[in-house]
Amino acid sequence: MMFDRIFEKDVAITGVGQSEVGRPVARSGMRLTLDACLDAIADAGLTRADIDGVACWPGDNNNGDAFSPVGPNALIGTLGLKVNWYGGGYEGPGPLAGIINGAMAIASGLCRHVLVFRTITEASRRKVDKNASALTNKTIGRDSSFFWQWYTPFNVLSAINLMALYTQRHFHEYGTTPEQLAQIALTCRANAALNPKAIYRTPLSLDDYFASRMISTPLRVLDCDVHCDASTAIILSRADAANDGPNPPIRLEAIGAALHQPWSWDQIDLTATAARDVGEMMWARTDLKPKDVGSAQLYDGFSILTMIWLEALGLCPRGESGRFVEGGRRIARDGELPINTNGGQLSGGRTHGLGYVHEACTQLWGRAGERQIAPHHVSVVAAGGGPLGGSVLLVRD
Amino acid sequence: MTRKLPLLTEDNSPFWQGGAQGRLLIHHCADCTRFFHPPAPICPHCGSFEVTPRAVSGKGKVLSYTINHQAWRPDLTEPYVVAIVELAEQAGLRFVTNIVGLPAEAVHIDMPVRVRFEQHEDVWLPLFEKDA
Ligand SMILES: [Zn+2]
């Protein structure tokens with residue numbers, strides 16, 4: 001891949017915000033959204049009047065569905081914004097699509113300050129309906145989905161079955177072991193212990209991991225992220241408008257959004273997924289190298305996806321993620337590549353995408369309190385699984 | 001075991017209904033002579049519209065599998081095997097299915113399998129069993 005114009009270099013993050021994160025939180029999805037967005041706007045040293053764009057993934061996914069109950073349409077009027085551009089929608093390069101779309105809007109001259117947000121209320125919803133996120137609920141009656149019809153008739157009723165197929169294949173091809181995989185959950189829990197907002201903070205041992213319930217071999221309940229209610233917001237600013245606020249701008253050095261395979265959960269490369277295309281694209285857009293990365297916030301909706309991202313982003317060789325994470329030393333907060341420093345989604349809570357960006361910036365700004373890692377300038381964030389994937393390389397100069 | 005069934009369309013009905021005649025029908029391109037899945041009006045390899053469903057042998061091997069233990073519905077009390085089967089006709093030609101007819105623990109990657117249809121209303125699900 002060759003690129004001769006790197007639009008994201010015109011864009012920086014100037015503020016971040018987040019609501020309370022809980023299981024559940026006794027606030028509406030809209031209230032959580034407002035908490036996060038106003039927090040981020042203030043953090044950037046801006047006011048509502050400065051925001052001239054709004055981006056969200058996936059937006060109001062399905063008329064208030066708990067996976068994404070609030071989209072740009074609802075937020076704009078509620079918050080009294082006057083925008084030049086706004087956009088949402090599920091079809092895009094995964095949970096970071098709002099960041100990528102917002103950056104494109106700025107670089108193309110439509111906006112100066114874009115508010116990117118992501119709200120989720122799955123914890124509240126699951127109090128009422130335990131199977132609220134089942135794949136069969138995506139269509140009523142016969143499955144008319146272009147994609148899910150190939151899985152639901154075979155009682156693939158949760159994405160975990162598909163993730164388990166990737167995991168089993170990774171074990172088979174590369175000799176990855178359950179003990180190695182467990183290090184993702186253990187590392188996230190150790191980090192969550194130092195994050196006051198994390199959902200699960202009690203210590204976790206390898207024995208605890210192996211005692212946890214098997215859901216879909218070889219994945220256990222501790223390989224799945226934890227549902228929560230939360231909203232996260234990020235302010236993107238045009239580079240020439242990014243130096244006026246209280247925070248040193250965090251530049252978007254490079255983004256990855258490629259998909260060179262079918263948008264499918266079983267027709268893609270099972271152990272590299274879309275993440276491979278995303279990683280290749282991102283590194284083709286920068287002179288930086290994987291060795292320059294000081295921290296990595298890698299999607300852990302399921303633990304295997306973190307392993308896949310480590311390889312796809314070149315943070316370890318393909319097939320080597322098991323050996324890379326073995327024992328957990330390298331990926332610990334004081335290791336050579338700290339990952340998911342707020343507990344990720346496995347223990348921190350399924351904020352679903354923007355939580356990783358929030359944490360990357362918090363660490364780059366040195367605001368992480370007890371869980372602060374060593375000072376560094378470059379952090380990579382990647383999110384998504386299967387055909388969904390996007391990444392962003394962040395630099396604080 | 002109850003099943004969520006697909007909505008049948010002109011594109012997908014050969015796949016879901018071929019089992020009525022005991023045939024596994026996979027879309028095939030006359031121009032580049034390759035199979036493809038999922039079925040569609042155009043060949044994703046070469047862009048040709050000269051595509052038709054064609055019967056395959058129904059034989060293949062397990063590319064990956066998982067034993068599901070979670071009862072996503074009240075009737076799913078027993079563990080069941082979800083797998084990706086690669087068909088014998090072409091490398092990479094594959095789809096998600098269930099492996100049936102043997103203990104879940106006996107399933108393994110590369111296990112040879114053959115199709116076995118299970119009818120639900122007007123849909124014949126292509127499931128797979130161990131091929132001797
Ligand atoms: Zn063709």
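- Taking an unreviewed UniProt entry as the reference, chain B is identified by name as DNA-binding protein belonging to Aromatoleum toluvorans.

### Let's talk about the pairing of strand β5 (residues 80-87) of chain B
Residues and elements named next belong to chain B.
Argument step 1. For β5, a buried count of 8 out of 8 residues is recorded, marking the element as mostly surrounded by other parts of the structure.
Argument step 2. Burial of β5 is two-sided: the residues Tyr80, Val82, Ile84 and Glu86 facing one way and the residues Val81, Ala83, Val85 and Leu87 facing the other way are all buried.
Argument step 3. By the bridge criterion, 8 bridges tie strand β4 (residues 59-68) to β5 in an arrangement that is antiparallel. Bridging across to β5, isoleucine 67 finds its partner in valine 81.
Argument step 4. Remark: 6 residues form the turn of the hairpin made by β5 and strand β6 (residues 94-99), two consecutive strands paired antiparallel; glycine 92 in that turn has positive phi of roughly 90 degrees.

### Examining the interface of chain B and chain A
Argument step 1. The partner chain A presents 36 residues to the 43 residues of chain B that form the contact.
Argument step 2. Both sides together, the interface formed by chain B and chain A hides about 3,400 Å², and carbon and sulfur atoms give 56% of it.
Argument step 3. When residues of chain B are sorted by the area they lose upon contact with chain A, Lys4(B), Trp72(B) and Val96(B) head the list and together hold 24% of the total.
Argument step 4. Among the salt bridges present, the one from Arg142(A) reaches Glu121(B), with a minimum N-O distance of 3.0 Å.
Argument step 5. Connecting chain B to chain A are 27 residue pairs in polar contact (both at pLDDT 80 or more).
Argument step 6. Of all elements in the fold, only α1 (13-17), β4, β5, β6 and β8 (123-130) of chain B reach the threshold of two or more residues within the side of chain B that touches chain A.
Argument step 7. Tallied by class, residues from the side of chain B that touches chain A come to 25 nonpolar, 11 polar and 7 charged.

### Quick word on the packing of aromatic side chains
Residues and elements named next belong to chain A.
Argument step 1. Using the criterion set out here, one finds 16 aromatic pairs over all chains in the structure.
Argument step 2. In this structure an aromatic cluster arises from ring pairing among Trp57, Phe67, Tyr90, Phe146, Phe147, Trp148, Tyr151, Trp263 and Trp265.
Argument step 3. One cation-aromatic arrangement involves arginine 118 over phenylalanine 67; the distance from NZ or CZ to the ring centre is 4.7 Å.
Argument step 4. Over the face of the ring belonging to phenylalanine 3 we find arginine 285, whose NZ or CZ atom lies 4.6 Å from the ring centre.

### Remarks on the sheet that holds strand β3 (residues 51-56) of chain B
Residue and element names in this part refer to chain B.
Argument step 1. The 3 strands lie next to each other as β2-β1-β3, forming an open sheet whose pairing is antiparallel. The open sheet has two free edges, formed respectively by β2 (35-36) and β3, since each of these has just one partner strand.
Argument step 2. Both strand β1 (residues 24-29) and β2 contribute to a ladder of 2 bridges, which runs antiparallel. Across the sheet, residue histidine 28 finds its bridge partner in β2, namely phenylalanine 35.

### Notes on the pairing of β4(B)
Across a regular strand the side chains alternate sides, sitting on one face of the sheet and then on the other.
Residue and element names in this part refer to chain B.
Argument step 1. Judged by how many residues are buried, β4 sits mostly within the fold: 8 of 10 residues are covered.
Argument step 2. In this structure, β4 lies alongside strand β7 (residues 112-120), joined through 3 bridges in antiparallel fashion. Bridge assignment links lysine 59 to a residue of β7, and that residue is arginine 114.

### Topic: the UniProt feature "domain: ChsH2 C-terminal OB-fold" (unreviewed entry) in chain B
Argument step 1. The positions that UniProt labels "domain: ChsH2 C-terminal OB-fold" (unreviewed entry) are, in the present scheme, residues 54-118 of chain B.
Argument step 2. For residues 54-118 of chain B, the end-to-end C-alpha separation is 20 Å, with 0% helix and 52% strand making up the annotated structure.

### A closer look at the pattern of salt bridges
Oppositely charged side chains may form a pair once their charged atoms are brought near each other.
Residue and element names in this part refer to chain A.
Argument step 1. Here the structure, examined in full by the defined rule, presents 29 salt bridges over all chains.
Argument step 2. Measuring nitrogen to oxygen at the nearest pair gives 3.0 Å for the salt bridge that ties arginine 323 to glutamate 320.
Argument step 3. By relative accessible area, which is 37% here, arginine 323 ends up partly exposed.
Argument step 4. Residue glutamate 320 is classed as partly exposed on the basis of its relative accessible area, which comes to 29%.

### Considering the coordination of the zinc ion
All names here are of chain B.
Argument step 1. Ligation of the zinc ion by protein atoms is provided by Cys29 (SG), Cys32 (SG), Cys43 (SG) and Cys46 (SG), these donors lying 2.3 to 2.4 Å from the ion.
Argument step 2. Here the zinc ion binds 4 donor atoms, and the angle range of 102 to 116 degrees at the metal identifies the geometry as tetrahedral.
Argument step 3. Taken in chain order, the donor set of the zinc ion reads C-x2-C-x10-C-x2-C. Taken as a pair, cysteine 29 in strand β1 and cysteine 43 in the loop between β2 and β3 lie far apart in primary sequence, 14 residues in all.
Argument step 4. Judged by relative accessible area, cysteine 43 falls into the buried class, the value being 2%.

### What to know about the sheet that holds strand β4 (residues 113-121) of chain A
Residues and elements named next belong to chain A.
Argument step 1. Spatially, the 9 strands line up as an open sheet ordered β3-β2-β4-β7-β1-β8-β11-β10-β9, and their pairing is mixed. At either margin of the open sheet sits one strand with a lone partner, and together these are β3 (85-87) and β9 (295-298). With strand direction ignored, the average angle separating the axes of adjacent strands in the sheet is 25 degrees.
Argument step 2. Both strand β1 (residues 11-18) and strand β8 (residues 250-256) contribute to a ladder of 2 bridges, which runs antiparallel. Pairing of isoleucine 13 across the sheet is with isoleucine 250, part of β8.
Argument step 3. Helix α1 (residues 29-43) contacts β1, β4 and β7 (229-238) of the sheet and is inclined by roughly 35 degrees relative to β7.
Argument step 4. Together, β1, β2 (53-56), β3, β4, β7, β8 and β11 (390-395) form the strand contacts of helix α3 (residues 97-107), whose direction differs from that of β7 by roughly 25 degrees.

Parameters and conventions
Residues numbered from 1 in each chain as written. Chains lettered and ligands numbered in written order. Predicted model: local features only at pLDDT ≥ 70, side-chain atom pairs only at ≥ 80, totals over all residues. Heavy atoms only, no water. Buried < 20%, exposed > 50% of the residue type's maximum accessible area, 1.4 Å probe, protein only. Helix = DSSP H or I, 4+ residues; strand = E, 2+ residues; numbered from the N terminus. Pairing = 2+ DSSP bridges. Contact = heavy atoms within 4.5 Å. Buried area = accessible area lost by both parts, 1.4 Å probe. Salt bridge = Lys/Arg side-chain N within 4 Å of Asp/Glu carboxyl O. Polar contact = N/O pair within 3.5 Å; in protein donor to acceptor, adjacent residues only side chain to side chain. Nonpolar A, V, L, I, M, F, W, Y, C, P; charged D, E, K, R; others polar. Phe/Tyr/Trp six-rings, centres within 6.5 Å; stacked < 30°, edge-to-face > 60°. Lys NZ or Arg CZ within 6 Å of the ring centre and 35° of its normal. UniProt positions renumbered as here; feature names shortened; annotations may be inferred. Donors = N, O, S within 2.8 Å, 3.2 Å for Na, K, Ca; no water. Tetrahedral: all angles 85-135°; square planar, octahedral: opposite > 155°, others 65-115°. Axes fitted to C-alpha atoms, helices over the stretch in contact; angles between N-to-C directions.

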